[in-house]
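So you can see what is in the structure, the chains are spelled out below.
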Amino acid sequence: SAVISQKPSRDICQRGTSLTIQCQVDSQVTMMFWYRQQPGQSLTLIATANQGSEATYESGFVIDKFPISRPNLTFSTLTVSNMSPEDSSIYLCSVGVLYEQYFGPGTRLTVT
Amino acid sequence: ELKVEQNPLFLSMQEGKNYTIYCNYSTTSDRLYWYRQDPGKSLESLFVLLSNGAVKQEGRLMASLDTKARLSTLHITAAVHDLSATYFCAVLNNDMRFGAGTRLTVKP
């Protein structure tokens, strides 16, 4: 299994600022995934982060807006840059261990 | 591109009744997940279905997978209020794609 923690758990930010979300896993994993869940919606994959290489972004998400770091096998960060109210969402990181896919508790972001 | 369709999107049930949630997906995959999400919470894993014909049961929930039909079902038996939540199916094919979710409300 995997236990995932995220920081911060929630934040209220002003338009135009940036927020970096941290994801820590209690075991080493090859890939980490970042998802966005807009209010009342399903989860959308933002990017896949492999250690030692550039993250792979899904259609509609770009590195300038959502830069990701993956410095080691247990940690990743996602930055939401130049925020607008449309970025208000829950951001979740996820890892796969064997056949299971685990999710962190999420970071609830509100942009005013 | 993999598409995952889930229905119904909203489901209001009376306690004690049975119902089924359906999950269709568009491309071949041998791994399907069901998750539960309570308001303001993260996702709780319910089932991982790994092969055609797989059936798993936990309490009042039973999930099945037909890879030939690209269909999974989540069957609810004798619903109780505690089952009220949003249920997501998700399909793994290189990465994981989620259905839109079924918001289940169980009324007394």
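Okay, the overall build of chain B next. Across its full length, chain B carries zero helices and eleven strands. Counted from the first residue to the last, chain B has its helices and strands arranged as β-β-β-β-β-β-β-β-β-β-β. When its C-alpha atoms are laid out on the principal axes, chain B stretches across 40 × 30 × 20 Å. Looking at chain B as a whole, 46% of its 108 residues are labelled buried. When contacts within chain B are restricted to residue pairs at least 6 apart in sequence, those whose partners lie at least 24 apart make up 53%. For chain B, the exposed surface amounts to about 5,400 Å²; the carbon and sulfur share of it is 48%. Chain B carries 12 positive and 10 negative side-chain charges, and their two centres are separated by 2 Å.

We now examine the sheet that holds strand β1 (residues 4–7) of chain B. Residues and elements named next belong to chain B. With respect to topology, five strands assemble into an open sheet ordered β1-β3-β8-β7-β6, the strand pairing being antiparallel. Two strands bound the open sheet, and with one partner strand each, they are β1 and β6 (55–58). Across the sheet, the mean angle from the axis of one strand to that of its neighbour is 15°, orientation sign disregarded.

What follows covers the interface of chain B and chain A. Every contact between the two is made by 18 residues of chain B and, on the other side, 17 residues of chain A. The three residues of chain B that bury the most area against chain A are S42(B), M96(B) and F98(B), which together make up 28% of that side's buried surface. Counting across the interface, chain B meets chain A through one salt bridge. A salt bridge links R97(B) to E58(A); its shortest N-O distance comes to 2.5 Å. For the side of chain B that touches chain A, the secondary-structure elements that each account for two or more residues are β4 (32–37), β5 (43–49) and β10 (95–98) of chain B. Top element by residues in the side of chain B that touches chain A is β10(B). It accounts for four residues. The class makeup of the residues in the side of chain B that touches chain A is nine nonpolar, five polar and four charged.

On to the pattern of salt bridges. Here the structure, examined in full by the defined rule, presents four salt bridges over all chains. In this structure, the salt-bridge partner of D38(B) is R36(B), at a minimum N-O distance of 2.9 Å. Accessibility expressed as a relative area gives 14% for R36(B), which makes it buried. We note a salt bridge from R97(B) to D95(B), for which the minimum N-O separation is 2.8 Å. A relative accessible area of 12% places D95(B) in the buried class. The structure contains a network of salt bridges with shared partners spanning E58(A), D95(B) and R97(B).

Conventions adopted
- Residues numbered from 1 in each chain as written.
- Chains lettered and ligands numbered in written order.
- Predicted model: local features only at pLDDT ≥ 70, side-chain atom pairs only at ≥ 80, totals over all residues.
- Heavy atoms only, no water.
- Helix = DSSP H or I, 4+ residues; strand = E, 2+ residues; numbered from the N terminus.
- Buried < 20%, exposed > 50% of the residue type's maximum accessible area, 1.4 Å probe, protein only.
- Contact = heavy atoms within 4.5 Å.
- Areas by Shrake-Rupley, 256 points an atom, 1.4 Å probe, with all protein chains shown as cover.
- Lys, Arg positive; Asp, Glu negative; His and termini not counted.
- Charge placed at Lys NZ, Arg CZ, Asp CG, Glu CD.
- Pairing = 2+ DSSP bridges.
- Axes fitted to C-alpha atoms, helices over the stretch in contact; angles between N-to-C directions.
- Buried area = accessible area lost by both parts, 1.4 Å probe.
- Salt bridge = Lys/Arg side-chain N within 4 Å of Asp/Glu carboxyl O.
- Nonpolar A, V, L, I, M, F, W, Y, C, P; charged D, E, K, R; others polar.

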